[in-house]
Amino acid sequence: DFAGLHEILSKTRVDRKPRSHIAPWQGIHHDEVTVPEGNLQIGPYRAIVTLRKSTDANFLLCKDTKLDRLVWLRLLPTGSPEVPEQLRNLSRVGRVRWLNGHRSLDQSWDAYEAVPGKPLPAVLADGQPWKQVRVWLMDLAEELTASQADNSLPSVLSLDRVWIGSDGHARLLDFPSPD
């Protein structure tokens with residue numbers, strides 16, 4: 001059972017310590033967001049603010065008024081392919097959860113859970129204690145292992161596609177960070 005010679009001789013064993021509960025990371029705070037009246041309605045989501053504009057996609061922070069939650073809405077060019085089913089069904093702490101999507105002749109968008117946090121480069125600029133960075137590295141290692149096993153590895157792996165949530169966990173993004 002993978003015992004080393006030193007363990008057999010000393011009749012000792014090294015077991016993996018169970019992962020303890022991670023306290024919320026103090027580096028990011030999530031403020032209450034109110035939706036101004038008259039904002040753009042896209043599907044079931046009401047736009048609050050534009051987070052990022054680019055040539056391939058725009059990101060909006062939206063409010064799901066029915067479920068009272070914040071979402072990232074990724075507005076895509078018309079004709080964009082749908083998110084693959086295996087990515088739509090992912091439910092791991094190491095990924096941002098896909099919630100909903102729409103494709104038509106006039107609109108293409110995908111909604112993801114809005115995780116309060118920051119992209120990794122912004123977090124690292126402030127310098128971080130090893131005890132926190134070690135948790136992020138473990139999160140990323142576990143997600144990369146799981147992603148390789150189920151063929152859901154993001155097409156691009158880069159620092160700007162790692163999101164650090166206020167819950168203390170690192171997440172891989174399948175798109176450039178919205179912030």
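Residues numbered from 1 in each chain as written. Predicted model: local features only at pLDDT ≥ 70, side-chain atom pairs only at ≥ 80, totals over all residues. Heavy atoms only, no water.

K.L.:
Quick question: what am I supposed to make of the pattern of salt bridges here?
P.N.:
Proximity of charged atoms lets side chains of opposite charge pair with each other. For the structure shown, the criterion picks out nine salt bridges. Between Arg92 and Asp150 there is a salt bridge; the shortest N-O distance is 2.7 Å. With Arg92 in the loop between α2 (85-88) and β5 (98-103) and Asp150 in the loop between α4 (130-149) and β8 (162-165), this residue pair connects regions lying 58 residues apart in the sequence. A salt bridge links Arg171 to Asp167; the shortest N-O distance between them is 2.6 Å. Of the residues examined, Arg171 reaches a relative accessible area of 6% and is grouped as buried. Members of the salt-bridge network, linked through shared partners, are Arg92, Arg95, Glu143, Asp150 and Asp174. (Salt bridge = Lys/Arg side-chain N within 4 Å of Asp/Glu carboxyl O. Helix = DSSP H or I, 4+ residues; strand = E, 2+ residues; numbered from the N terminus. Buried < 20%, exposed > 50% of the residue type's maximum accessible area, 1.4 Å probe, protein only.)

K.L.:
Help me understand the sheet that holds β8, please; the structure alone is not making it clear to me.
P.N.:
Strands in a sheet are paired, the pairing made by backbone hydrogen bonds, and the direction either parallel or antiparallel. Taken together, three strands build an open sheet; the order of strands is β7-β8-β9 and the sheet is antiparallel. Among the strands making up the open sheet, the edge pair consists of β7 (117-119) and β9 (170-172). Recorded for the sheet is a direction-independent mean angle of 30° between the axes of neighbouring strands. Bridge count for β7 against β8 is three bridges, and the pairing is antiparallel. Counted as the bridge partner of Gly117 is Gly165 from β8. Relative to the sheet, α4 contacts β8 and β9, its axis offset from that of β9 by approximately 30°. (Pairing = 2+ DSSP bridges. Axes fitted to C-alpha atoms, helices over the stretch in contact; angles between N-to-C directions. Contact = heavy atoms within 4.5 Å.)

K.L.:
For this particular structure, what's the right way to read unusual backbone geometry?
P.N.:
Backbone phi values are negative for most residues with the exception of glycine, while trans is the configuration of most peptide bonds. In this model, Lys11 sits at a positive phi of 55°, which is unusual for a non-glycine residue. Among the secondary structure elements, Lys11 is positioned in the loop between α1 (5-10) and β1 (41-42).

K.L.:
Please clarify how the nonpolar core should be interpreted in this entry.
P.N.:
Most often, soluble globular proteins keep nonpolar side chains buried together rather than apart. Leu61, Trp72, Val96, Tyr112 and Leu173 are the most contacted members of the largest nonpolar core, which totals 16 residues. At the level of secondary structure, the elements contributing two or more residues to this core comprise β3 (58-64) and β4 (69-75). Among all residues touching Val96, those that are not within four sequence positions of it are Trp72, Tyr112, Glu113, Val115, Arg171, Leu172 and Leu173. (Core = buried A, V, L, I, M, F, W, Y, C linked by side-chain atoms within 4.5 Å.)

K.L.:
What am I meant to see in the pairing of strand β2 (residues 45-53) here?
P.N.:
Taken residue by residue, a regular strand's side chains alternate between the two faces of the sheet. The pairing of β1 with β2 spans two bridges and is classified as antiparallel. From the neighbouring strand, Gln41 faces β2, where its bridge partner is Arg46. In this structure, the hairpin formed by β1 and β2 is closed by a connection of two residues, where Gly43 is found at a positive phi of approximately 60°. Hairpin connection, β2 to β3: the antiparallel pair is bridged by four residues.

K.L.:
Just to check I follow, could you spell out the sheet that holds β2 for this structure?
P.N.:
What the six strands build is an open sheet, ordered β1-β2-β3-β4-β6-β5; its pairing is antiparallel. Strands at the two margins of the open sheet, each flanked by one partner only, are β1 and β5. Two elements, β4 and strand β6 (residues 108-113), share five bridges in a ladder whose sense is antiparallel. Counterpart to Val71 in the pairing with β6 is Glu113.

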